[in-house]
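Descriptive structure summary
Single-letter residue listing:
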Amino acid sequence: MSHDGLRLRTVMRSVAFLTAGALTLPVLTACGSGDDRDSTPAAAQDIALAARTEVADGGTLTWAVDAFPETLNTFQADAGPATTRVAQATLPSMFRLDARGRPAYNPDYLESAKVVSTAPKQVVLYKLNQQAVWSDGREIGADDFLAQWRALSGKDTAYWTARNAGYERIERIERGANNLEVRVTFAKRYADWRSLFSPLYPKDVMGTPDGFNDGARGKLKVSAGPFAVDRVDEKGGEITLRRSARWWGRPAKLDEIVLKAVPREKRAAALADGKVDLAEIGPGDARRIGLAERDKGASGPLAHGPGAATSPGQALRSWAIAYGDDEEAADAEQLARAKTRKAIENYADEQAGLRNFAVRKSLEPAYTQLALNGSTGPLADERVRRAVARALDRQELATVVLQPLGLPAEPVGSHLALAGQAAYADNSGALGEQDTAEARALLADAGWVPGGTVKDTKDTKDTKDTKDAKDAKDGAERKEGDAAKSDAAGDGTARDADGDGTYIVGRDDPKPGDRAPARGTASADAVLAPASSTAALQQRAVKRQAARFATAADDGERADRQRVGQGGAGGGAPRPRPRFSRGRCGGRWRWPGWPGPVRTRWPGVAGRPAGSGRPRGRWPTRWRTR
């Protein structure tokens, strides 16, 4: 890594960003306050802010990413975090989030952007920066906005779009006084209009389906940012961004940014070896860097890492086996000892390399949302949606994800704003606290019972009286008929391919203009998913909650069976347990009502020490019963 005079490791730091899990149900959550004052942030920032004048010019920053991007078009289904990183450095963004997570217009591209009318339609007027041009010299103008809207509106299925939120609300886009003024008229009012056209692609990419689908997958011929794509090395897993000579704003400090694909489990080794300078890490690697900082100047073996937990007794036993009479066991033990020594040496070298790094922790202005599709299927019943909300423990999800990082484990209380942003208000009280019993009661009231079959999706909106009037035979015939029709039509009903009755949340009926996913492929619906570093933690937490919910139902059934007992109704006594009694050289198990005891004996043992439950001599490798 070259810094051209920059102090050693002054810009080298690793960051850990994880977000709290949020559960938001539009039908249950109230709107946030209109107060313009900022709320208190959930955690203080730890970003080691430095003035621009203190940062030297030049150098290359190698930034670790999870995977090499499959596409450079952020609006395609296979776009990933690396795609977003490239777009942020090379393409226009009309709005950016400031230090407090508030959207602010980007003066490099905009002179102003505001709502100029709300009746009869919402109209937003963008005035573009006159210096803003694409790398081919063409000015950024209304035709680029128009092309992107047409591509993402969802009306033309030839465009392979993964998301069109907000763009489908636009009714028309027009030029203002000139090409640098853009008037956007919305058919329906859209509060989050600041999120649109960020990033903005040139009309060469958005203008035609072929350009959108293939024109920006492996390269960006035209860009308009402080950096431009210089080299794409798919085999080496690297994308190099070089400082753009056509950039009209303040020039970037770095000469190059190299985005390098490094798996999470190899981040610590890559940082220690100097292969990457900046990386998002997990709690385990953060602890390692903290230990490396603590061990500066210490001598002797490390008190952590491979082999640190080996006790003196275990070490003596290992030595005895390695140099014992059993040659086969000795060879295996010596090989294991050699591997352990090598692992200790590698760990010590990595810890020495990690001492020059610092960990910065902060909350990211994002959240994980569980959105329930209430338009069809079982979730069309409000009681079912409320049951899901009461069954999930949002606090546990936040604790599992954030507490290991030393961040406040506070769930997000609004789906309109985040803590620290204007208008944030905790409206999660509408959901109620986690309550398994209440969730079961709501499901029972909606007609769902433990172990029951999944109901037909079109019956979820029937009234309770209508459901009660249908007998079991007619219900079974209807389900069989509907299942056959669904399989024949391939209409995307919420059942899995194996026909096991699993309902998949969020796979709703396609909207006009949406492309149906190919048979055997995943749904084309846009999905908000947690970051890869937190998805596994949140999934395990949800599974634990589901297990507790199921256990509660099983406990009720088990209690009912115990009341019935062996002798039929009337509350028979529970089945007696076996009893164990020790003898001189063994013991015996006795079941009440069994003809005789089952004895256990340690072979070859004469007796046992006084007052001890163990026999004298060496423990046998097998037990014998008679």
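All values reported here derive from a predicted model rather than from experimental measurement. (Residues numbered from 1 in each chain as written. Predicted model: local features only at pLDDT ≥ 70, side-chain atom pairs only at ≥ 80, totals over all residues. Heavy atoms only, no water.)

A closer look at the overall build of the protein
The number of helices and strands found in the protein is 14 helices and 18 strands. Counting only residues that meet the buried cut, the protein has 35% of its 626 residues in that class. For the protein, long-range pairs separated by at least 24 residues make up 63% of all intrachain contacts whose partners lie at least 6 apart in sequence. (Helix = DSSP H or I, 4+ residues; strand = E, 2+ residues; numbered from the N terminus. Buried < 20%, exposed > 50% of the residue type's maximum accessible area, 1.4 Å probe, protein only. Contact = heavy atoms within 4.5 Å.)

Some words on the environment of valine 276
Here valine 276 lies in the loop between helix 5 (267–272) and helix 6 (283–294). Under the relative-accessibility criterion, valine 276 is labelled buried at 0%. With 212 residues separating them along the chain, valine 276 and alanine 64 place their C-alpha atoms 6.2 Å apart. Valine 276 has contacts with Thr62, Ala64, Lys260, Val262, Ala270, Leu271 and Phe357, leaving out every residue within four places of it along the chain.

Quick look at the sheet that holds strand 8 (residues 170–175)
Spatially, the 4 strands line up as an open sheet ordered 6-7-9-8, and their pairing is antiparallel. Each edge of the sheet is formed by a strand with only one pairing partner; in this case those strands are strand 6 (110–117) and strand 8. Going from strand to strand, the sheet's axes swing by 15 degrees on average, the running direction of each strand aside. Where strand 8 and strand 9 (residues 181–186) come together, 5 bridges link them in antiparallel fashion. Pairing of isoleucine 170 across the sheet is with phenylalanine 186, part of strand 9. Those strands touched by helix 2 (residues 142–152) are strand 7 (122–128), strand 8 and strand 9, and its axis lies near 160 degrees from that of strand 8. (Pairing = 2+ DSSP bridges. Axes fitted to C-alpha atoms, helices over the stretch in contact; angles between N-to-C directions.)

Points about the packing of aromatic side chains
Under the criterion given, the structure shown has 14 aromatic pairs. A centroid spacing of 5.6 Å and a plane angle of 90 degrees characterise the contact between phenylalanine 95 and tryptophan 193, whose relative ring orientation is edge-to-face. Taken together, the residues span a long stretch of sequence, with phenylalanine 95 in strand 4 (residues 95–97) and tryptophan 193 in the loop between strand 9 and helix 3 (203–206) at a distance of 98 residues. Each member of the pair, phenylalanine 95 as well as tryptophan 193, is classed as buried. Judged by centre distance (4.6 Å) and plane angle (45 degrees), the rings of phenylalanine 145 and phenylalanine 197 are tilted. Of this pair, phenylalanine 145 sits in helix 2 while phenylalanine 197 is found in the loop between strand 9 and helix 3, placing the two residues 52 residues apart along the sequence. An identical accessibility class is assigned to phenylalanine 145 and phenylalanine 197; each is buried. Every member of this aromatic cluster is reached through a ring pair, and the members are Phe75, Phe95, Tyr126, Phe145, Tyr167, Trp193, Phe197 and Tyr201. (Phe/Tyr/Trp six-rings, centres within 6.5 Å; stacked < 30°, edge-to-face > 60°.)

Comments concerning the environment of glutamate 333
Tracing the chain through its elements places glutamate 333 in helix 8 (residues 327–354). Residue glutamate 333 is classed as partly exposed on the basis of its relative accessible area, which comes to 21%. Leave out the neighbours within four places in its chain, and glutamate 333 touches Ser318, Ile321 and Ala322.

Brief notes about a nonpolar patch on the surface
Taken together, the side chains of Leu316, Trp319 and Tyr323 present a nonpolar region at the surface, about 390 Å² in accessible area. Relative to the elements of secondary structure, leucine 316 occurs in helix 7 (residues 312–322). Looking at leucine 316, the relative accessible area reads 57%, which means it is exposed. (Patch = residues over 30% accessible without salt bridge, like charges linked within 9 Å, V, L, I, M, F, W, Y side chains within 5 Å. Areas by Shrake-Rupley, 256 points an atom, 1.4 Å probe, with all protein chains shown as cover. Salt bridge = Lys/Arg side-chain N within 4 Å of Asp/Glu carboxyl O.)

Brief notes about the nonpolar core
Met94, Tyr126, Ile140, Phe145, Ile170, Phe197 and Leu241 are the most contacted members of the largest nonpolar core, which has 57 residues in total. Discounting residues that sit within four places of it in the chain, isoleucine 140 has contacts with Pro92, Tyr109, Leu128, Ala132, Val133, Trp134, Leu180, Leu200, Ala224 and Trp248. Ala64, Ala270, Leu271 and Ile289 belong to the second-largest nonpolar core, a separate cluster that totals 14 residues. (Core = buried A, V, L, I, M, F, W, Y, C linked by side-chain atoms within 4.5 Å.)

Overview of the environment of leucine 418
By secondary structure assignment, the location of leucine 418 is in the loop between helix 10 (394–402) and helix 11 (436–445). Taking relative accessible area as the criterion, leucine 418 reaches 11% and is therefore assigned buried. Remark: the alpha-carbon pair of leucine 418 and tyrosine 367, spanning 51 residues in sequence, is separated by 8.2 Å.

Re the packing of helix 7 against helix 8
Between helix 7 and helix 8, the least distance of the axes is 7 Å, while the angle of their chain directions is 130 degrees. Overall, the two elements helix 7 and helix 8 adopt an arrangement that is oblique. Contacts from Ala315, Ser318, Trp319, Ile321 and Ala322 in helix 7 reach Ala329, Ala330, Glu333, Gln334 and Arg337 in helix 8. Looking at the contact of helix 7 with helix 8, its residues break down into 6 nonpolar, 2 polar and 2 charged. (Parallel < 35°, antiparallel > 145°, perpendicular 65-115°, else oblique. Nonpolar A, V, L, I, M, F, W, Y, C, P; charged D, E, K, R; others polar.)

Quick word on the pattern of salt bridges
Taken as a whole, this structure holds 25 salt bridges when the rule is applied. Between aspartate 98 and arginine 102 there is a salt bridge, with its nearest N and O atoms 2.9 Å apart. Two residues, aspartate 144 and arginine 138, come together in a salt bridge whose shortest N-O distance is 3.0 Å. Residues joined in a network through salt bridges with shared partners are Asp66, Arg264, Arg267 and Glu280.

Points about unusual backbone geometry
Note the cis peptide between alanine 119 and proline 120, where omega equals 0 degrees. A positive phi is found at phenylalanine 197, a non-glycine position, where the angle reads about 60 degrees.

Brief notes about the confidence of the model for the protein
Residues with a pLDDT of 70 or more make up 66% of the protein, whose mean pLDDT is 74. For residues 1–37, every residue scores under 50 in pLDDT, and the model assigns this stretch 121 contacts once sequence neighbours within four places are set aside. Below a pLDDT of 50 lies the segment residues 564–575, which in the model reaches 9 contacts outside its immediate sequence neighbourhood of four places, other chains included. (pLDDT = per-residue confidence, 0-100.)

Focus on a negative patch on the surface
There is a patch of like negative charges on the surface, built from Asp325, Asp326, Glu327, Glu328 and Asp331. Under the relative-accessibility criterion, glutamate 327 is labelled exposed at 63%. (Lys, Arg positive; Asp, Glu negative; His and termini not counted. Charge placed at Lys NZ, Arg CZ, Asp CG, Glu CD.)

Brief notes about the sheet that holds strand 3 (residues 60–65)
Sheet strands pair via backbone hydrogen bonds, and the direction of the pair is either parallel or antiparallel. The sheet built from 4 strands is open, its strands ordered 3-12-11-10 with mixed pairing. Both edges of this open sheet fall to strand 3 and strand 10 (227–233), since each of them pairs with a single strand only. Taking each pair of neighbouring strands and ignoring which way they run, the sheet shows an average axis angle of 20 degrees. The pairing of strand 10 with strand 11 (residues 238–243) spans 6 bridges and is classified as antiparallel. Bridging across to strand 11, arginine 231 finds its partner in threonine 240. Strand contacts of helix 1 (residues 81–90): strand 3, strand 10, strand 11 and strand 12 (256–261), with the helix running at about 145 degrees to strand 10, the strand carrying the most contacts.

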